[in-house]
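Tertiary structure, described
Below are the chains, spelled out letter by letter.
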Amino acid sequence: MKRKFLFSVTIVLSLLVISCKKNAKDESSDTDTDTTTSDCSSLTGSAKVVCLANTFLATLTTSQQSSIILDYTLTNAKRWSNLPCGLSCRNGLLMSSLTTAQQTAALALIQAVAGTAYSGDGYEEYQTIRAADDYLNANGGGSSYGSGNYVIAFLGTPSTTGKWMLQYGGHHYASNVTFDADTIVSITPLHEGVEPHGSFTVNSTTYSTPLADELSVSQNMLGSFTSSELSSAKISSTFSDCLMVPGSTSNTMPTTKQGIKVSSLSTTAQAKVWAAIQPWINDLDSAQAAAIRATYYNELASTYVCYASNSSATTGNASSFFTTNTDYVRIDGPSVWIEFICQTGVVFTSQIHYHTVMRDHSRDYIGL
């Protein structure tokens, strides 16, 4: 009887301790950070992404969670931009508003989605473009620029059964990745840009040229065209930015394709077109991008390439392409849409800088 009495007392005391801890946590839930973490290392694919998303969310206060999880609507999905406009044109939370632990959890999630399989692309490219913004901040651009102005948001609740979108980016980077029932169904719209031109050093770290892959494959593609192929691919328009400019909610992809059809190119040039598509797909974890990559490959023969400006370019000389403001190229397939353009620098006006966008004719904002 005595042992039974002592056991009962122990249970009651334990429940009281748990209750006190729970109440203390509830009372401070809007001001303290819950440091609960999960080990997601054994998971793969979307299951790992969802695990890391929930781990990140667990580090946030209730008010932060309310700001970062938004309704999965077309209006919210279209709130992305290439401008240094912070939350005025984007959803979610600023990186600068997060604690160190919260930023670490957010970046672990982005790293899992963007992938690390390709040097210079994926997560590495995202971080290098953020560092380029810090460089602009420190060299005359001002506080509108900087890695802290990058944001992260969820449209819908992360899960392996429902549909939801992860948005992350800022000035010169915008990723919109849609998950549906444990599968990535859309990786677009995707915007990438960079200023300054070339390598740069900021906070004692030197970064190699962001978008170097995107530039070189675009140069190699047009450089592989014969003079006749270049003539067929050339269009007379002049562009000041991508046609499907980031942030636009009204621009539409033309229904009539322009330029030269890939199936009419030489085998060598066709391979260069396929290579030119890769750096944008490589900004997503390779395993999760496999299905979209296969779709674009199967549609390659029916894809078109056109370019504008590049008035000083010559056939067989890859480096003669994309050297001047308004130099432009477009890859337009049944699904894929990629644009790459040179613009005069905004902070470094004596240089050019690059804007790119990848869209998808049937998968942008899929389901919305």
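Use the structure listed above.
Fair warning: this is a prediction, and the values are worked out from it, not measured in the lab.

1. Examining the pattern of salt bridges
Counted under the stated rule, the structure contains 3 salt bridges. Its salt-bridge partner being arginine 359, residue aspartate 364 comes within 2.5 Å of it at the nearest N-O pair. With relative accessibility at 14%, the residue aspartate 364 sits in the buried group. On the basis of relative accessible area, arginine 359 is assigned to the buried category, the value being 6%. Linking arginine 363 and aspartate 360 is a salt bridge whose minimum nitrogen-to-oxygen distance equals 3.3 Å.

2. Concerning the nonpolar core
By size, the foremost hydrophobic cluster in this structure holds 81 residues, and its most contacted members are Leu222, Phe225 and Val305. Take this core: its biggest share by element is 8 residues, from helix α5 (residues 100–114). Listed in part, the 18 residues of the second largest apolar core include Ala77, Met165, Ala174 and Tyr365.

3. Some words on α5
The terminal C-alpha atoms of α5 lie 21 Å apart, and with 15 residues this matches the ideal 21 Å at 1.5 Å per residue to within 8%. Listed in full, the buried residues belonging to α5 are Gln102, Ala105, Ala106, Leu107, Leu109, Ile110, Ala112, Val113 and Ala114. Of the surrounding elements, those touching the buried residues of α5 are α2 (45–58), α3 (62–68), α6 (122–141), β3 (151–155), β4 (163–170) and β5 (173–180). In the segment just after α5, glycine 115 is the residue with positive phi, at about 80°.

4. Some points on the environment of threonine 201
Within the element layout of this structure, threonine 201 appears in strand β8 (residues 200–202). Exposure remark for threonine 201: the relative accessible area of 43% places this residue in the partly exposed category. C-alpha separation for the pair threonine 201 and alanine 131, spaced 70 residues apart in sequence, amounts to 8.9 Å. When neighbours within four sequence positions are excluded, threonine 201 is seen to be in contact with Tyr135 and Thr206. Within polar-contact distance, the side chain of threonine 201 engages the side chain of threonine 206 at 2.7 Å.

The rules behind these values
Residues numbered from 1 in each chain as written. Predicted model: local features only at pLDDT ≥ 70, side-chain atom pairs only at ≥ 80, totals over all residues. Heavy atoms only, no water. Salt bridge = Lys/Arg side-chain N within 4 Å of Asp/Glu carboxyl O. Buried < 20%, exposed > 50% of the residue type's maximum accessible area, 1.4 Å probe, protein only. Core = buried A, V, L, I, M, F, W, Y, C linked by side-chain atoms within 4.5 Å. Helix = DSSP H or I, 4+ residues; strand = E, 2+ residues; numbered from the N terminus. Expected span 1.5 Å × (residues − 1). Contact = heavy atoms within 4.5 Å. Polar contact = N/O pair within 3.5 Å; in protein donor to acceptor, adjacent residues only side chain to side chain.

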